[in-house]
Amino acid sequence: MTKLFNDPATFSDDMLVGFLDAFSPWVVGVPGGCIRAQAPAAGKVAVIVGGGSGHYPAFCGVVGPGYADGAVVGNVFTSPSATECYSVASAAHVGGGVLIMAGNYAGDVLNFDEARDRLRSEGIAAETLYITDDVASAGPDAIEQRRGIAGDCIVFKCASAAAEAGYNLDEVVRVAAKANTVTRSMGLGLDGCTLPGAPDALFHVPDGKMGVGLGIHGEPGISEEPLPSAREVADLLVDRCLAEAPTTHSGRIAVILNGLGATKYEELFVVWGQVAKRLRDAGYTIVDPDVGELVTSLDMAGLSLTIAWLDDELEQFWRAPANTPAYRKGGIDLAGNRREVQATHTASSAVSKGSTAAQELANKAVEALDAIARTMRAHERELADLDTVAGDGDHGRGMVKGSTFALEAAQAARDHGAGIGGVMAAAGDAFGSRAGGTSGALWGAGLTAFGQVFDDQADSFDPSLAVTAIRAMRDAIQYRGGASLGDKTMLDALSPFVDALTAALPDKGLVTAWTDAATIATQAAESTVALRPKRGRARPLAERSLGHADPGATSMALALTAIASISTD
Ligand code: ADP
Ligand code: MG
């Protein structure tokens, strides 16, 4: 259990306060996460790592000389927003460009790529790289779909050392990509973890069993098998990693045996004894192994093995000194002047007033957002449970946070006289930057696109604009997320809704057409039980998801239905 917290909703913020205090010689907080307390030499490439929290020491624990320049810190198991990533990256930037790295998860990719694009639009050279070390998450023919687990650390470390050595951005990216290409991990789950405030673990592994192919966000293993001795566990991990050895290599490897949180160091050393023997028997030289907690999953029990096949360049960077809160190697002083950090992220621009007609519609939009926020609160648990089947259990919390912050922002804009366009822009911004996760980014983009259809200076609005707007929302979600109909996503509820509304509106009034279309969206969301997810975090556990509705489609149908209920009042 995760037992110590003040309010589950502020767990990661409260965690960060204590972390920053405890390690103040190394790190300072900035909006969205932290950066090194001492500025590195001007012109150095800034290496930013990140993702949701719950993985300590990943990611904030590895900020310091020789390692990362900054870490973006999201809510537990939830991708930080693009705004948070942008904020940390611009605070860490010292003129040499930025490399942003994370494990390969849809939410992180969406948000970090957007942060990269924002940096570029300001003339800052920026790149992203997503780590794909987990052999259990997709086959060798689909390596680009694999997720990132403890192998993150080898890629982060080598790229960071290259940046420290003065490599330019292109070269740092080259080193990171090379390290990712030669790194493989395999994990086992022995029991699930509990999100702060949740009554029970996301899942349990029955006694005497192990989940083979764990995820690090509380995703259960891909298959369940009898739990053998520690020696046989070691053999399984070694065999699965060595099966993907490159055809030619130097025989020198970096190795991590990573504990997930509840598995003790002593147990790891028992397993390591056999891992090391097997690797040496296979003719390998083990270079600077790490046995301990590097990427955890709250209090999950389990472990993973990571092997990286080194060439001279990677070995030099893997062995290079680093001095961070949680990872220290060799000796580096914390030299230099302490940074005076100023918040780099400024509040959104002033609201411009809308016409009377646009303000009337803005009131409707606020009512609709209020209905969405209420329905998300009422269904939080159900959405969390659906997301636990093959995802990470954060969808309920994410939708509650996103819709609540969107409503607050919309109310504030409305109170300042904004029209519907301004109100929806504020709502989209707040949803995207505060909810986190894949669905947060997509809902944010969708609401923003919805608002862009309206001209806030117009004297009147045709009801058909509602259809244009909801279609714009659908198109934006499709464009940002790249999913197609049938991929088992929120689009599988939204798209049938848009089609039904478009077909019905000429004959029925907007209220009736919307209500009927919402019924169709609800049925469509229920029909996703028969689909296998092809996108997002649920994809590696696609079989498990069969027979359960998609969480994002379910919340979409709930939202559309909630709006129908207000418009009939
Ligand atoms: P995360 O997967 O980052 O934890 P959430 O749990 O909040 O995010 O949301 C999961 C939902 O997001 C899924 O159920 C699915 O409906 C939706 N989703 C995931 N990937 C995509 C995508 N590429 N396009 C559209 N919707 C997506
Ligand atoms: Mg999720």
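Owing to the predicted nature of the structure, the values given are computational and were not obtained by experimental measurement.

Quick notes on the rules
Residues numbered from 1 in each chain as written. Chains lettered and ligands numbered in written order. Predicted model: local features only at pLDDT ≥ 70, side-chain atom pairs only at ≥ 80, totals over all residues. Heavy atoms only, no water. Helix = DSSP H or I, 4+ residues; strand = E, 2+ residues; numbered from the N terminus. Buried < 20%, exposed > 50% of the residue type's maximum accessible area, 1.4 Å probe, protein only. Contact = heavy atoms within 4.5 Å. Areas by Shrake-Rupley, 256 points an atom, 1.4 Å probe, with all protein chains shown as cover. Lys, Arg positive; Asp, Glu negative; His and termini not counted. Charge placed at Lys NZ, Arg CZ, Asp CG, Glu CD. Near = heavy atom within 4 Å. Polar contact = N/O pair within 3.5 Å; in protein donor to acceptor, adjacent residues only side chain to side chain. Nonpolar A, V, L, I, M, F, W, Y, C, P; charged D, E, K, R; others polar. Domains from an automatic or database assignment. Buried area = accessible area lost by both parts, 1.4 Å probe. Donors = N, O, S within 2.8 Å, 3.2 Å for Na, K, Ca; no water. Pairing = 2+ DSSP bridges. Axes fitted to C-alpha atoms, helices over the stretch in contact; angles between N-to-C directions. 1 Å grid on protein atoms, 1.4 Å probe; cavity = no way out; pocket = protein on both sides within 12 Å on 5 of 7 lines; lining within 4 Å. Points joined across faces, edges and corners; volume = space filled by probe spheres on them. Phe/Tyr/Trp six-rings, centres within 6.5 Å; stacked < 30°, edge-to-face > 60°. Lys NZ or Arg CZ within 6 Å of the ring centre and 35° of its normal.

Draft legend 1. Molecular detail of the overall build of the protein chain. Scanning the protein chain from terminus to terminus reveals 18 helices and 14 strands. Considered along the principal axes of its C-alpha atoms, the protein chain spans approximately 75 × 55 × 45 Å. Evaluated residue by residue, the protein chain yields a buried proportion of 59% over its 569 residues. Taking all contacts inside the protein chain whose residues are at least 6 apart in sequence as the whole, residues at least 24 apart take part in 74%. For the protein chain, the computed accessible surface area is about 21600 Å², with 52% contributed by carbon and sulfur atoms. In the protein chain, which carries 45 positive and 69 negative side-chain charges, the distance between the mean positions of the two groups comes to 4 Å.

Draft legend 2. Spotlight on the site of ligand 1. Lining the immediate surroundings of ligand 1 are 19 residues, of which T438, S439, G481, M490 and D550 lie closest. Taking D392, its side chain carries an N or O atom lying 3.1 Å from an oxygen atom of ligand 1. In this structure, an oxygen atom belonging to ligand 1 sits 3.0 Å away from a side-chain N or O atom of D394. In the complex, the protein chains occlude 95% of the 570 Å² of accessible area that ligand 1 would expose alone. Within the residue set of the shell around ligand 1, elements represented by two or more residues are α13 (437-452) and α18 (551-567). No other element matches α13, which puts four residues into the shell around ligand 1. Taken together, the residues that form the shell around ligand 1 break down as five nonpolar, eight polar and six charged.

Draft legend 3. Examining the domain arrangement of the protein chain more closely. Domain annotation of the protein chain identifies domain 1 (8-325) and domain 2 (356-564). Distance between the C-alpha centres of domain 1 and domain 2: 32 Å. Contacts between the two partners involve 27 residues from domain 1 and, on the opposite side, 25 residues from domain 2. Around 2100 Å² of area is buried between domain 1 and domain 2 when both sides are counted, 50% of it from carbon and sulfur atoms.

Draft legend 4. Seen up close, the coordination of the magnesium ion (ligand 2). Looking at the magnesium ion (ligand 2), one finds its protein donor set to be D387 (OD), D392 (OD) and D394 (OD), positioned 2.1 to 2.3 Å from the metal centre. Spacing between the donor residues of the magnesium ion (ligand 2) along the chain follows D-x4-D-x1-D. Assigned by exposure class, D387 and D394 land together as buried.

Draft legend 5. Here's a closer look at the environment of A125. In this fold, A125 is placed in the loop between α3 (106-121) and β6 (126-131). C-alpha separation for the pair A125 and V98, spaced 27 residues apart in sequence, amounts to 6.3 Å. Apart from the residues lying within four places of it in its own chain, the contact partners of A125 are G97, V98 and L169.

Draft legend 6. Quick look at the sheet that holds strand β9 (residues 223-226). Pairing is mixed in the open sheet, where six strands are placed in the order β9-β8-β7-β12-β10-β11. Each edge of the open sheet carries a strand with a single partner, namely β9 and β11 (285-292). Going across the sheet, the axis of each strand differs from the next one's by a mean of 20 degrees, ignoring polarity. In this sheet, β9 lies alongside strand β8 (residues 209-212) in antiparallel orientation, the contact comprising four bridges. Following the sheet pairing, K209 is matched in β9 by P226. Where helix α7 (residues 265-281) meets the sheet, it contacts β10 (252-259), β11 and β12 (301-309), and its direction lies at approximately 165 degrees from that of β11.

Draft legend 7. Empty space enclosed by the protein, seen in detail. Tallied over the entire structure, the rule returns two cavities of 30 Å³ or more. The element contributing the most residues to the lining of the largest cavity is strand β3 (residues 46-53), with three residues. Taken together, the residues of the lining of the largest cavity sort by class into three nonpolar, six polar and two charged. Computed from the structure, the second largest cavity encloses a volume of approximately 30 Å³. The set of elements that each furnish at least two residues to the lining of the second largest cavity consists of α9 (356-378), α11 (395-415) and α13. Along the lines of polarity and charge, the residues of the lining of the second largest cavity split into six nonpolar, one polar and no charged.

Draft legend 8. View of the sheet that holds strand β1 (residues 27-30). If you trace the six strands from one edge of the open sheet to the other, you get β1-β2-β4-β3-β5-β6, paired in mixed fashion. In this open sheet, the two edge strands, each paired with only one partner strand, are β1 and β6. In this sheet, adjacent strand axes meet at a mean angle of 25 degrees when their direction is disregarded.

Draft legend 9. Broad picture of the packing of aromatic side chains. Enumeration over the complete set of coordinates arrives at 12 aromatic pairs. Arranged with centres 5.9 Å apart and planes meeting at 75 degrees, the rings of F23 and W26 form a pair that is edge-to-face. You can call F23 partly exposed: its relative accessible area is 22%. Note on W26: relative accessible area 13%, which makes it buried. What links up through ring pairs into an aromatic cluster is the set F19, F23, W26 and Y56. Over the aromatic face of W318 sits the side chain of K329, whose NZ or CZ is 3.9 Å from the ring centroid. Over the ring of F405 we find R434; its NZ or CZ atom is 3.8 Å from the centre of that ring.

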